[in-house]
Amino acid sequence: MKYFDVIIVGGGAAGFFAAINIAEQYPDVTVAILEKSKEVLSKVKVSGGGRCNVTHAEFIPQELVKNYPRGEKELLGPFHSFMTGDTMEWFEKKGVPLKIEEDGRIFPESNSSQTIIDCFLYEAKKLGVEVFKQQVVTNFNKDEYWQVNTKTDLYSCEKLIIATGSSAKIWTELNKLGHNIVQPVPSLFTFNINDSRIKEIPGVVAQNVTVKVLGANLETNGPLLITHWGMSAPAILKLSAFGAVELAEKQYNFQIEINFINQDYDDTLSTLKQIKIDLAKKVVVNYAMFDLPKRLWNQLVLAAKISAEARWADINKYQLEQLSNQLTKAIFNVKGKSTFKEEFVTAGGIDLKEVNFKNYQSKLFENLYFAGEVINVDAITGGFNFQNAWTGAYILSKNLF
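The structure presented is a predicted model; accordingly, all values stated were derived computationally and were not measured. (Residues numbered from 1 in each chain as written. Predicted model: local features only at pLDDT ≥ 70, side-chain atom pairs only at ≥ 80, totals over all residues. Heavy atoms only, no water.)

Caption draft 1: Spotlight on the side chain of Gln299. Positionally, Gln299 belongs in helix H12 (residues 294-303). Apart from the residues lying within four places of it in its own chain, the contact partners of Gln299 are Ser196, Arg197 and Ile201. (Helix = DSSP H or I, 4+ residues; strand = E, 2+ residues; numbered from the N terminus. Contact = heavy atoms within 4.5 Å.)

Structural data, given as structure tokens:
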């Protein structure tokens, strides 16, 4: 049996951040990471398109928590202790300069996730953290110490930290111990939509769109990207995160209403009536209105039963109403979902009521701690899921001994 003062199950972002900070805080403590795969930090490697979106430029805790569909209330206290600015300072001190992009996402200046991985591996090695790969944990239990069994070895420790992300196997083991696991469902996904209005225009982006799920209290605003399979970008991804549980219950078959121009129906209709007078001789499809991309404008015009040759003077009252409808209240049928890039995120995990957010310790077991996505916290895209990992790992490291 191998004994360590601290064992961390999971060699991902939260696991390494916890290990490094624990080893720094307590130089005499022995720390080990158990990782089931051949490689550590694999999710870090693919995140942010291979650039690693480490956090987001939101520096007010009350605003930062609004990006977490699950965990908003619980994270407010932790974010007052360690949040975006602290994350940036931590990496800068370790020799990893970061940059803030226009949309608020924060990346290493190198534009490579390998910079983050190299930093973690270097720091862990320097501080004497032992990393054991291909260690598939089969179970763990508490006697005088925590016993951790893998397929090949037996470990024991005083402090056990679970940082396994969305691991069904580990959730099952925690459930056997008595922890309640909130049923995991996908979060951060794109919508599959087969509709003639968007079929021929993949790659088109509408910048300021409001999307509602019909029959649910779900609404978001932001850019919308038309893809080969349907719709994506922040307006859709935010909806998928905040509606993760509800949309799973609908088995990903539902209707959305889209306002492409963020104006109401009546104001839009009035504007169209004025355009009909002002541009009477112009062909409707030739001049996109409301700052819409031309290809999208064309499709919405055709969907309003206006021919490709029609001039504004030719448009009747019914067609103007239909166009206003397409612009402000377009209905689309969603049938299924697709994973957003490699950044698969899960809603669900350890019930938040069973975690003490002052130190990230289990309320059911002494010396059992959690960090990252293993608990029922998830966020929209943009670096927020990593920030949750850094915050939890740092706070538990500060309060371990």
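Caption draft 2: How the structure looks around the packing of helix H2 (residues 42-50) against helix H6 (residues 113-126). Viewed as axis vectors pointing N to C, H2 and H6 meet at an angle of 155°, and their least axial separation amounts to 8 Å. By the angle between their axes, H2 is roughly antiparallel relative to H6. When you trace H2 past H6, the crossing you get is right-handed. Only Ser113, Gln114, Ile116 and Ile117 of H6 make contact with H2, whose side of the interface consists of Val44, Lys45 and Gly50. Split into classes, the residues belonging to the contact of H2 with H6 amount to three nonpolar, three polar and one charged. (Axes fitted to C-alpha atoms, helices over the stretch in contact; angles between N-to-C directions. Parallel < 35°, antiparallel > 145°, perpendicular 65-115°, else oblique. Left-handed = near helix turned anticlockwise from the far one by under 90°. Nonpolar A, V, L, I, M, F, W, Y, C, P; charged D, E, K, R; others polar.)

Caption draft 3: Looking closely at the nonpolar core. Ile8, Ile22, Phe120, Leu160, Ile162, Leu174 and Ile375 are the most contacted members of the largest nonpolar core, which has 88 residues in total. The greatest single-element share of this core, amounting to nine residues, is contributed by helix H1 (residues 13-25). Residues contacting Phe120, with those up to four places away along its chain left out, are Ala13, Phe16, Phe17, Ile20, Leu41, Trp90, Phe91 and Trp390. Ile193, Ile201, Leu247 and Phe332 belong to the second largest nonpolar core, which has 47 residues in total. (Core = buried A, V, L, I, M, F, W, Y, C linked by side-chain atoms within 4.5 Å. Buried < 20%, exposed > 50% of the residue type's maximum accessible area, 1.4 Å probe, protein only.)

Caption draft 4: Molecular detail of the packing of aromatic side chains. The full count for this structure, using the stated rule, is 26 aromatic pairs. Among the aromatic residues, ring-to-ring pairing joins Phe16, Phe17, Phe82, Trp90, Phe91, Phe120, Phe386, Trp390 and Tyr394 into one connected group. Directly above the aromatic system of Phe107 lies the positively charged group of Arg51, at a separation of 3.7 Å from the ring centroid. (Phe/Tyr/Trp six-rings, centres within 6.5 Å; stacked < 30°, edge-to-face > 60°. Lys NZ or Arg CZ within 6 Å of the ring centre and 35° of its normal.)

Caption draft 5: Representation of unusual backbone geometry in the model. Non-glycine residue Leu41 carries a positive phi angle of around 60°. Here the phi dihedral of Asp291 falls at roughly 60°; this positive angle occurs in a residue that is not glycine. Examined against the element boundaries, Asp291 turns out to sit in the loop between helix H11 (265-278) and H12. Its relative accessible area of 82% is what places Asp291 among the exposed residues.

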